[in-house]
Amino acid sequence: MKIRIITLGIALMLSCVAINAQRTTSITLGVSPYGYAKSVAYWDKNNDFTYFYKPTIGANICIESQHNGLASLTEISYYQGDFDKWEIDGKTMSYDMLQKEDFMQMALTQYWGGNLFGKNKRVQLPLYFGLGCGYVQGGAIHNVTGDIAAKLRLKFYISNHLGIYAGGTGRLGFGSKTDKAISNDDKDKHMIVGNLLCTADAGIIISF
């Protein structure tokens, strides 16, 4: 009888710890030690400018609010990477597209999502989808973009107030760029700017 009572007590304690492992509000501090980045400026099939970058690195800070397994995540992020190569098709009037500038991106993103499994447990797998804006610099591209993003994290809570995570993020941004005419015989060209960034992420979770 005593053994059953002790076993029941331990089970209840572990249950309470698992429930408390997910707090209402958390701050996450993360790094992205590896990433892939590509930027494109496109007018038509004859004027297509693509820039590739060597593996990027980055960092981010997030504030997350959770309720019943659903989450709202606000993230500020920064990434950088070295220029790798370009694929240049066509020409422009007012831009030098043959640039080898390194990649940089700053972004603010609002995510919404929830746990695929592990609701209120020590081990959780949340999936988030987000909208945001960013500033991208690289090659001839210096543009503000509107972004769509997705984030997957495997989270493990060491205690009620501290955890770690690993996962990945994918971000796709769109903007516009005006190639201004330099003579009266030409017209301005309005190019679409696109940026793809995929990163591997890891960090710590501080809950309160």
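Just so it is clear, the structure is predicted and the values come from calculations on it, not from any experiment.

This next bit is on the overall build of the protein chain. Of the regular secondary structure elements, the protein chain holds one helix and 10 strands. What you see in the protein chain, going N to C, is helices and strands ordered as α-β-β-β-β-β-β-β-β-β-β. Per-residue burial over the protein chain gives 40% buried out of 208 residues. When contacts within the protein chain are restricted to residue pairs at least 6 apart in sequence, long-range pairs at least 24 apart make up 69% of them.

For L73, the position within the fold is in strand β4 (residues 70-81). In sequence terms L73 and I27 are 46 residues apart; their C-alpha atoms lie 9.5 Å from each other. Those residues in contact with L73, other than ones at most four positions away along the chain, are C62, I63, E64, T109, Q110, Y111, Y128, K151 and R153.

Examined against the element boundaries, Q124 turns out to sit in strand β7 (residues 123-138). At 2.7 Å, the side chain of Q124 forms a polar contact with the backbone oxygen of K121.

On to the nonpolar core. Ranked by size, the top nonpolar core spans 15 residues in total, and within it A41, F49, Y51, Y53, M97, F103 and I141 carry the most contacts. Every element with two or more residues in this core is listed here: β1 (25-44), β2 (47-53) and β10 (189-207). Ignoring anything within four residues of it in the chain, the contact list for F49 reads S39, V40, A41, E87, I88, D89, G90, K91, T92, M97 and M191. Counting residues in hydrophobic clusters, the runner-up holds six residues, among them C62, L73, Y111 and A149.

Let us now look at the pattern of salt bridges. Counted under the stated rule, the structure contains four salt bridges. Of the charged contacts in the structure, one is a salt bridge between R171 and E75, with a shortest N-O distance of 3.5 Å. One end of the pair, R171, is in strand β9 (residues 162-179); the other, E75, is in strand β4, and 96 residues separate them in sequence. Under the relative-accessibility criterion, R171 is labelled buried at 2%. Among the charged side chains, a network of salt bridges with common partners joins E75, D147, K151 and R171.

Within the fold, L116 resides in strand β6 (residues 103-117). A residue is classified by how much of its surface remains accessible, and L116, at 54% relative accessible area, is exposed. Distance from L116 to G69, taken between C-alpha atoms, is 9.1 Å for residues 47 residues apart in sequence. If sequence neighbours within four positions are ignored, L116 has contacts with L125, P126, L127 and L152.

Summed over all chains, the structure comprises four aromatic pairs. With centroids separated by 6.3 Å and ring planes inclined at 80 degrees, the aromatic side chains of Y53 and F83 adopt a geometry described as edge-to-face. Here Y53 is found in strand β2, whereas its partner F83 is found in strand β5 (residues 83-89), with 30 residues between them in sequence. For the residue pair Y53 and F83, the accessibility class agrees, reading buried in each case. Through a chain of ring-to-ring contacts, three or more aromatic side chains come together here, namely Y53, F83, W86 and F103. In this structure, K85 is placed above the aromatic ring of F52, and the distance from its NZ or CZ to the ring centre is 5.3 Å. Sitting above the plane of the Y95 ring, K177 keeps its charged end 4.6 Å from the centroid.

Conventions used here
Residues numbered from 1 in each chain as written. Predicted model: local features only at pLDDT ≥ 70, side-chain atom pairs only at ≥ 80, totals over all residues. Heavy atoms only, no water. Helix = DSSP H or I, 4+ residues; strand = E, 2+ residues; numbered from the N terminus. Buried < 20%, exposed > 50% of the residue type's maximum accessible area, 1.4 Å probe, protein only. Contact = heavy atoms within 4.5 Å. Polar contact = N/O pair within 3.5 Å; in protein donor to acceptor, adjacent residues only side chain to side chain. Core = buried A, V, L, I, M, F, W, Y, C linked by side-chain atoms within 4.5 Å. Salt bridge = Lys/Arg side-chain N within 4 Å of Asp/Glu carboxyl O. Phe/Tyr/Trp six-rings, centres within 6.5 Å; stacked < 30°, edge-to-face > 60°. Lys NZ or Arg CZ within 6 Å of the ring centre and 35° of its normal.

The values are spatial; any link to function lies outside them.
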